[in-house]
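Reading the structure
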Amino acid sequence: MATAEPHEAFEALVGELEYPMLIVTAASGGERAGCLVGFATQSSIDPPRYLVCVSRRNRTHRVAERAAVLAVHFVPSDREDLAELFGGETGDEIDKFERCEWREGPEGAPIVDGCRNWFAGEVLARLDLGDHTGFLLRPFGGERGEPVDSFPFRRARWIAPGHDA
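Where strand β4 (residues 49-55) and strand β9 (residues 132-143) come together, six bridges link them in antiparallel fashion. Following the sheet pairing, Leu51 is matched in β9 by Leu136. In this sheet, β9 lies alongside strand β8 (residues 117-128) in antiparallel orientation, the contact comprising ten bridges. What sits directly across from Gly121, in β9, is Pro139.

The next thing to look at is the packing of aromatic side chains. Applying the stated rule across the entire model yields four aromatic pairs. Consider the rings of Tyr50 and Phe119, whose centres lie 5.3 Å apart with planes at 80°: the pair is edge-to-face. With a gap of 69 residues between them, Tyr50 in strand β4 and Phe119 in strand β8 connect regions that are remote in the sequence. For the residue pair Tyr50 and Phe119, the accessibility class agrees, reading buried in each case. Here Phe119 falls in the buried class, since its relative accessible area comes to 13%.

It is worth spelling out the side chain of Thr133 at this point. Its location among the elements puts Thr133 in strand β9. Taking relative accessible area as the criterion, Thr133 reaches 3% and is therefore assigned buried. Engagement of the side chain of Thr133 in a polar contact is seen with the side chain of His61, the distance being 2.7 Å. If sequence neighbours within four positions are ignored, Thr133 has contacts with Val52, Cys53, Val54, Arg56, His61, Glu65, Arg126 and Leu127.

Here we take up the pattern of salt bridges. Overall, the coordinates contain ten salt bridges when judged by the stated rule. Across the salt bridge formed by Asp81 and Arg79, the nearest N and O atoms sit 2.7 Å from each other. For Asp81, a relative accessible area of 42% puts it in the partly exposed group. Its relative accessible area of 24% is what places Arg79 among the partly exposed residues.

Before going further, it helps to examine the pairing of strand β5 (residues 69-74). In summary, the side chains of a regular strand alternate between the two faces of the sheet. Burial runs high along β5: five of the six residues are buried. Summarising the sheet, strand β1 (residues 22-28) and β5 pair through five bridges and their orientation is antiparallel. When the bridges of β5 are listed, Leu22 appears paired with Phe74. With six bridges joining them, β5 and β8 adopt antiparallel strand pairing. Pairing of Val69 across the sheet is with Glu122, part of β8.

Turning our attention to the nonpolar core. Judged by nonpolar contacts, the single largest core of 18 residues is most densely connected at Val52, Leu70, Val72, Phe135 and Leu137. Elements with a minimum of two residues in this core: β1, β2 (31-37), β4, α2 (59-64), β5, β8 and β9. Apart from the residues lying within four places of it in its own chain, the contact partners of Val52 are Val24, Phe39, Ala40, Leu70, Val72, Thr133, Gly134, Phe135 and Leu137. Of all hydrophobic cores here, the second largest spans 14 residues; its members include Met21, Val75, Ile94 and Cys100.

How each quantity is defined
- Residues numbered from 1 in each chain as written.
- Predicted model: local features only at pLDDT ≥ 70, side-chain atom pairs only at ≥ 80, totals over all residues.
- Heavy atoms only, no water.
- Pairing = 2+ DSSP bridges.
- Helix = DSSP H or I, 4+ residues; strand = E, 2+ residues; numbered from the N terminus.
- Phe/Tyr/Trp six-rings, centres within 6.5 Å; stacked < 30°, edge-to-face > 60°.
- Buried < 20%, exposed > 50% of the residue type's maximum accessible area, 1.4 Å probe, protein only.
- Polar contact = N/O pair within 3.5 Å; in protein donor to acceptor, adjacent residues only side chain to side chain.
- Contact = heavy atoms within 4.5 Å.
- Salt bridge = Lys/Arg side-chain N within 4 Å of Asp/Glu carboxyl O.
- Core = buried A, V, L, I, M, F, W, Y, C linked by side-chain atoms within 4.5 Å.

Here you go:
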């Protein structure tokens, strides 16, 4: 079955992809922020690089624009509460970190304790990617707990976003 409009075909194709949802956190100027992201990928093996994309409309973007380091958390499949907190609430209205366990990480980036697997990355570049900014990271530290299933995109679809994309 062919789709008439090219953008409709694209949306249908990418809508079938299954990828992990991540929480990205940042700190700068005494502020901290974090959000759920679905657009992220490893972009180089040697040297290691990772690209995370953050919507320009949310508070995390405003803090990340000034941050030297971002922390990328792999959300376990059993932590729907964290996915909902960081994806369904906005830091413009609440302090998400008052509602979860966390600790200060590299360059002050908040580390969400409920995510046993995470890495910190130095921001090397900020790329205009339309309604998102791509943050190119040089990973330099983190923790790997036991392997866990990641919280998938298909389960995040029901979360009403704190901000539109």
